[in-house]
Amino acid sequence: MTYTTELTADHKQFLDELFQDGVKYDKPSLRVYESDASNIRGEVLAVVRPTCVEQVSEFMRWADAERIPVHPRGRGTSLSGGCVPTVPGIVVSMLGMDRILDISETDFVATIEPGVNTVAFQQECEKHNLFYPPDPASSKATSVGGNVVTCAGGLRAVKYGVTRDYVLGCDVVVPGGKILSFGGRTQKDVVGLDMTRFMVGSEGSLGILTKLYLKLIPKSEGTASLLVGYESLDAALQSMGKVFAAGILPCAVEFMNETVLDILKQTGGHPWPDSVNSLLLFQVDGSAETVSMNIEQLSNQIDDALWRMMGTTSDEENELWGYRRSVSSASYVLGPDRIGGDMAVPRGQILQAVRRFESLAAQNGKRLIAFGHAGDGNIHANLHYDASDPDDAKRTRKAHHEMDEAVLEFGGSLSGEHGVGCLKNVGLQLGKDEHELMLKVRGLFDPNGILNPNKGY
Ligand SMILES: Cc1cc2nc3c(=O)[nH]c(=O)nc-3n(C[C@H](O)[C@H](O)[C@H](O)COP(=O)(O)OP(=O)(O)OC[C@H]3O[C@@H](n4cnc5c(N)ncnc54)[C@H](O)[C@@H]3O)c2cc1C
């Protein structure tokens with residue numbers, strides 16, 4: 001594709017007239033939009049902040065005609081470089097479209113703009129005694145639109161599924177400026193192809209989402225958590241199997257491998273004994289009565305644990321989840337830079353996959369931080385290194401690549417939730433014919449390839 005990668009005075013005049021105060025060109029304002037949580041950098045020509053769908057439509061008509069690359073952006077927490085302008089272009093910040101338009105207690109449907117913050121939306125739903133389950137660990141910082149476009153998963157996916165399970169419909173502006181509506185406010189709809197599903201997880205490659213129709217469910221009365229310590233990850237995952245076999249479905253099950261425990265030991269301040277080398281963290285939810293019954297039943301099932309700590313009040317639960325939240329920051333004792341993986345494997349393959357990744361890391365002189373969503377087989381497999389040491393960086397990249405290859409042997413996926421962005425090699429996973437078909441679909445939406453070029457698939 002041939003792109004326009006510099007803005008002329010005429011281009012700027014068009015943008016100024018369309019967005020007025022909502023456009024910026026100066027270097028200090030653009031700097032933050034050059035990157036996202038991946039820390040990879042690109043080049044930004046301008047950032048625009050639309051406040052209505054008509055502006056998005058007029059902008060997309062113009063950008064397509066001018067062949068200017070467009071990089072949609074929510075809150076920029078992508079860990080895979082999904083927002084990085086890999087080709088110099090205009091960043092479209094969707095944070096100017098952040099209104100909750102309606103939360104219907106009769107329909108159990110919310111209608112919102114994509115820039116709404118995820119936690120703010122969840123809190124608003126709770127005021128109506130309703131619940132929006134998708135909960136990426138980053139939800140305090142993310143936009144719901146960003147969650148939809150990446151099909152974000154989270155801690156509660158084991159019971160409630162991922163973002164795709166809550167998107168009933170959407171409005172989207174495609175290159176050329178057409179405003180399309182897919183799905184809508186009904187819980188059921190089988191007329192035509194399910195284009196809403198195309199949009200979910202599309203990583204900004206098909207259009208810019210401007211409105212979302214989201215499914216809600218009744219809010220549970222409460223939750224309780226249980227942190228359990230084991231001699232090894234093998235023992236921990238065997239124990240988790242017993243919980244599921246007993247017919248208990250927790251809303252979250254997190255695991256941490258021996259390296260994580262070693263690091264947490266170094267940072268100190270934890271309540272478990274030194275004999276504990278691996279942790280599981282469970283959460284159950286429901287009515288007050290079922291929560292206390294389920295957490296007791298769950299605790300009884302894991303009779304082989306070395307240590308356990310229950311949290312039934314929100315302060316107690318916060319303490320337990322605080323240990324899980326501290327893993328990412330504590331891991332930097334292994335090196336100031338990080339390559340992260342979020343591979344997914346069938347639930348029964350977690351142990352084998354983690355052991356394989358650990359051995360590949362060790363062969364390259366690295367230690368593997370492995371933790372994540374055990375309930376749905378989503379492994380956060382992180383390698384830390386020092387980017388100023390070329391040998392360390394090379395060995396880390398090699399180990400990471402070998403892990404990506406290995407995950408496929410377990411019937412897994414390179415990415416369970418963070419997306420492909422500009423980091424992952426989809427060619428490893430997708431068959432040639434399947435990949436070609438996806439590119440043809442992309443070409444139908446975006447014939448001139450202006451949307452998020454070089455990202456996704
Ligand atoms: C500490 C940390 C923890 C994380 N934990 C999780 C986790 O548990 N689960 C998980 O799934 N992810 C997690 N992430 C990754 C990230 O938060 C998610 O991918 C999130 O969904 C991105 O939301 P965002 O609003 O920041 O989107 P952005 O990062 O701004 O954008 C993500 C992608 O969506 C596109 N996009 C954004 N808005 C639109 C729109 N309106 N229309 C079209 N395209 C759009 C962008 O071009 C980009 O490709 C984590 C990240 C961090 C930093």
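Cut-off values and rules
- Residues numbered from 1 in each chain as written.
- Predicted model: local features only at pLDDT ≥ 70, side-chain atom pairs only at ≥ 80, totals over all residues.
- Domains from an automatic or database assignment.
- Contact = placed C-beta atoms within 7 Å.
- Nonpolar A, V, L, I, M, F, W, Y, C, P; charged D, E, K, R; others polar.
- Buried ≥ 20, exposed ≤ 12 C-beta atoms within 10 Å, placed from the backbone.
- Helix = DSSP H or I, 4+ residues; strand = E, 2+ residues; numbered from the N terminus.
- Axes fitted to C-alpha atoms, helices over the stretch in contact; angles between N-to-C directions.
- Parallel < 35°, antiparallel > 145°, perpendicular 65-115°, else oblique.
- Left-handed = near helix turned anticlockwise from the far one by under 90°.
- Near = placed C-beta within 6 Å.
- Pairing = 2+ DSSP bridges.
- Expected span 1.5 Å × (residues − 1).

### What to know about the domain arrangement of the protein
Next, step 1: Annotation of the protein at the domain level lists domain 1 (9-96), domain 2 (100-218) and domain 3 (222-330).
Next, step 2: A separation of 30 Å is found between the C-alpha centroids of domain 2 and domain 3.
Next, step 3: Counting residues at the interface gives five residues for domain 2 and six residues for domain 3.
Next, step 4: Among the residues making up the side of domain 2 that touches domain 3, the classes are represented as three nonpolar, no polar and two charged.

### Regarding helix α9 (residues 258-267)
Next, step 1: Buried within α9 we find E258, T259, V260, L261, I263 and L264.
Next, step 2: On its buried side, α9 packs onto α8 (233-245), β13 (252-256), β14 (278-286), α11 (314-330) and β17 (369-373).
Next, step 3: One or two positions beyond α9, positive phi appears at G268, with a value near 75 degrees.

### Notes on the packing of helix α12 (residues 350-363) against helix α13 (residues 390-409)
Next, step 1: At a closest axis distance of 9 Å, the pairing of α12 and α13 adopts a crossing angle of 155 degrees. By the criterion of interaxial angle, the relationship of α12 to α13 is roughly antiparallel. Along this stretch, α12 crosses α13, giving a crossing that reads as right-handed. Mapping the contact onto sequence places A353, R356, F357, L360 and A361 in α12 and A399, E402, M403, A406 and V407 in α13.
Next, step 2: Counted by class, the contact of α12 with α13 contains eight nonpolar, no polar and two charged residues.

### Things to note about the site of the ligand
Next, step 1: Close to the ligand lie 36 residues; G74, G82, G146, G204 and E417 are nearest.
Next, step 2: If you tally residues by element for the shell around the ligand, the top one is helix α5 (residues 144-150), at five residues.
Next, step 3: Here the shell around the ligand is composed, by residue class, of 12 nonpolar, 19 polar and five charged.
Next, step 4: Viewed by domain, the shell around the ligand spans two of them, domain 1 (9-96) and domain 2 (100-218), each represented by three or more residues.

### A closer look at unusual backbone geometry
For residues besides glycine, phi is generally negative; the peptide bonds are generally trans as well.
Next, step 1: Positioned with a positive phi, R67 is a non-glycine residue whose angle comes to about 60 degrees.
Next, step 2: Take R67: there are 14 C-beta atoms within 10 Å of it, and that puts it in the partly exposed class.
Next, step 3: Backbone geometry places F108, a non-glycine residue, at a positive phi of 60 degrees.
Next, step 4: For F108, a count of 19 C-beta atoms within 10 Å translates into the label partly exposed.

### Here we look at the sheet that holds strand β15 (residues 307-311)
Next, step 1: One open sheet accounts for seven strands, arranged β15-β12-β14-β13-β17-β18-β16; its pairing is antiparallel. The open sheet terminates on both sides in strands that have one partner only, identified here as β15 and β16 (337-344). When strand polarity is set aside, the average angle formed by the axes of neighbouring strands in this sheet is 15 degrees.
Next, step 2: As defined by bridge partners, β13 adjoins β17 across three bridges and the pair is classed as antiparallel. Within the sheet, the bridge partner assigned to F255 lies in β17 and is G372.
Next, step 3: Packed onto the sheet, α11 meets β12 (222-230), β13, β14, β15 and β17 and runs at close to 55 degrees relative to β12.

### Section: the packing of α8 against α12
Next, step 1: Put simply, α8 and α12 touch, their axes get as near as 10 Å, and they point 160 degrees apart. On the basis of their axis angle, the class for α8 and α12 is roughly antiparallel. The way α8 lies across α12 gives a crossing that is right-handed. Together, L233, D234 and L237 of α8 and I350, L351 and V354 of α12 make up the contact between the two elements.
Next, step 2: Looking at the contact of α8 with α12 residue by residue, the class counts come to five nonpolar, no polar and one charged.

### Remarks on helix α14 (residues 432-445)
Next, step 1: Given a rise of 1.5 Å per residue, 14 residues ought to cover 20 Å, and the 20 Å separating the end C-alpha atoms of α14 matches this to within 8%.
Next, step 2: Little of α14 is tucked away: zero of the 14 residues are buried.

### Looking at the pairing of β12
Next, step 1: Along β12, seven of the nine residues are buried, which leaves the element largely enclosed by surrounding structure.
Next, step 2: Bridge count between β12 and β14: nine bridges; the pairing is antiparallel. Pairing of Y230 across the sheet is with S278, part of β14.
Next, step 3: Summarising the sheet, β12 and β15 pair through five bridges and their orientation is antiparallel. Bridge pairing links V228 to R308 in β15.

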